[in-house]
Amino acid sequence: MAKMINKTLVLTYIYLLIYIILSSGVILYNKWVLSPKYFNFPLPITLTMIHMGFAGFVAFLLIRVFKVVAPVKMTFEIYATCVVPISAFFASSLWFGNTAYLHISVAFIQMLKALMPVATFIMAVVCGTDKPRCDVFSNMLLVSVGVVISSYGEIHFNIVGTVYQVTGIFAEALRLVLTQVLLQKKGLTLNPITSLYYIAPCSFVFLALPWYVLEKPTMEVSQIQFNFWIFFSNALCALALNFSIFLVIGRTGAVTIRVAGVLKDWILIALSTVIFPESTITGLNITGYAIALCGVVMYNYIKVRDVKASQPTADGLPDRINKEYKMEKKSSDKFNPNDSVEIPRVGGEVNDEEAPLITSRLSHIGRTQLGNHAA
């Protein structure tokens, strides 16, 4: 029993470490590629389309060629009414989020992302999947005040970049809510590979129009450098990040995921100031972000409390360990075509917008797994 517990804990910490490294790495890598001061590829839509195309291609190979995973029964009605609108908002969130890298620092972007619970709560209330609550509202107000203070303390504040980032956050929040309202009400379950298979190509198509209008003319008149290995490794890291997120969700609890997300944010803010010297952090930045995080932590506590209240009986430690061990044996390193990993429901998030797949922003609000019970 002790060996089983130790093995489970070791694997959990390994997966969390992999997630933190990949998530931070993809964000910093995207910033480096897009920034005119470094690799100088200031075409965020093009970069996102590369991610989408690569992800869709890999998913096609795994499903249709190597048959690692069996495709789900996807009807035209489900695709048109569920996959298409979700892909549209997903593509929008990636487009706006990546464009923000051109205007504001990674550190400030991470601080703005603390608004994610506010955006998701608003969208959930508007769409009728959540009800207004005084305790949640007070936390959302605290988060908003913290972000405003942090923005006021930003030395290189840029209104264009801020608007892009906040718009991307709300697009992602709406995408999360739509995932719950549309996909899960139809009983459709997707694992990481089938998510890519259906979502990535559709998102690629949605990005094609703004690319043609905004970036294609730029590519024709300017000397844009294209390094195959740079873009291949960038897309590969983003793909790996998405799979690591699902590993983390399968091996840990919601509280652990949230703590890891907050830890990742602080590490990322510190790293960004070292790698990108122009990213200057002020005392007001830190104060505002700390206030916002207090609101996020309190919000997470409320969600965890709601989850515990909704569970009539709690498993004992031996039962939980046994379940984790069985899950570990079942999900080894290969996907079983007969197994389906359900997309976590909304009420928070589970993915980083930096990773161009269906999940989103592990580091901020109620990770989607929590939302299953809170919705």
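Reading guide: rules and limits
Residues numbered from 1 in each chain as written. Predicted model: local features only at pLDDT ≥ 70, side-chain atom pairs only at ≥ 80, totals over all residues. Heavy atoms only, no water. Salt bridge = Lys/Arg side-chain N within 4 Å of Asp/Glu carboxyl O. Helix = DSSP H or I, 4+ residues; strand = E, 2+ residues; numbered from the N terminus. Buried < 20%, exposed > 50% of the residue type's maximum accessible area, 1.4 Å probe, protein only. Core = buried A, V, L, I, M, F, W, Y, C linked by side-chain atoms within 4.5 Å. Domains from an automatic or database assignment. Contact = heavy atoms within 4.5 Å. Phe/Tyr/Trp six-rings, centres within 6.5 Å; stacked < 30°, edge-to-face > 60°.

Draft legend 1. Molecular detail of the pattern of salt bridges. Throughout the structure, instances matching the rule amount to 5 salt bridges. Residue Arg305 pairs with Asp135 through a salt bridge whose shortest N-O separation is 3.4 Å. Of this pair, Arg305 sits in helix 11 (residues 283–310) while Asp135 is found in helix 6 (residues 134–152), placing the two residues 170 residues apart along the sequence. Note on Asp135: relative accessible area 28%, which makes it partly exposed. The structure contains a network of salt bridges with shared partners spanning Arg133, Asp135, Arg305 and Asp306.

Draft legend 2. Molecular detail of the nonpolar core. In terms of nonpolar packing, the biggest core is built from 78 residues, with Val33, Val106, Val143, Val147 and Leu207 touching the most fellow members. The biggest single contributor to this core is helix 3 (residues 76–100), with 10 residues. Inspection of this core shows a minimum of three residues originating in each of domain 1 (1–41 + 227–278) and domain 2 (43–104 + 158–224). Residue contacts for Val147: discarding those within four places in its chain leaves Met111, Leu112, Ala114, Leu115, Gly288 and Ala292. Residues Tyr19, Leu22, Val26 and Ala260 belong to the second largest nonpolar core, which totals 12 residues.

Draft legend 3. The arrangement of the packing of aromatic side chains in detail. This structure, assessed with the given rule, holds 15 aromatic pairs. Between Trp32 and Phe39 the ring centres are 5.3 Å apart and the planes differ by 35°, which places this aromatic pair in the tilted class. Judged by relative accessible area, which is 31%, Trp32 ranks as partly exposed. Relative to Phe157, the ring of Phe108 lies with its centre 6.1 Å away and its plane at 70°, an arrangement referred to as edge-to-face. A residue pair is termed long-range when its members are at least 10 positions apart, and Phe108 in helix 4 (residues 106–112) and Phe157 in the loop between helix 6 and helix 7 (159–183) qualify at 49 residues. The class for Phe108 is buried, based on a relative accessible area of 0%. Members of the aromatic cluster, connected to one another through ring pairs, are Tyr29, Trp32, Phe39, Phe41, Phe226 and Phe231.

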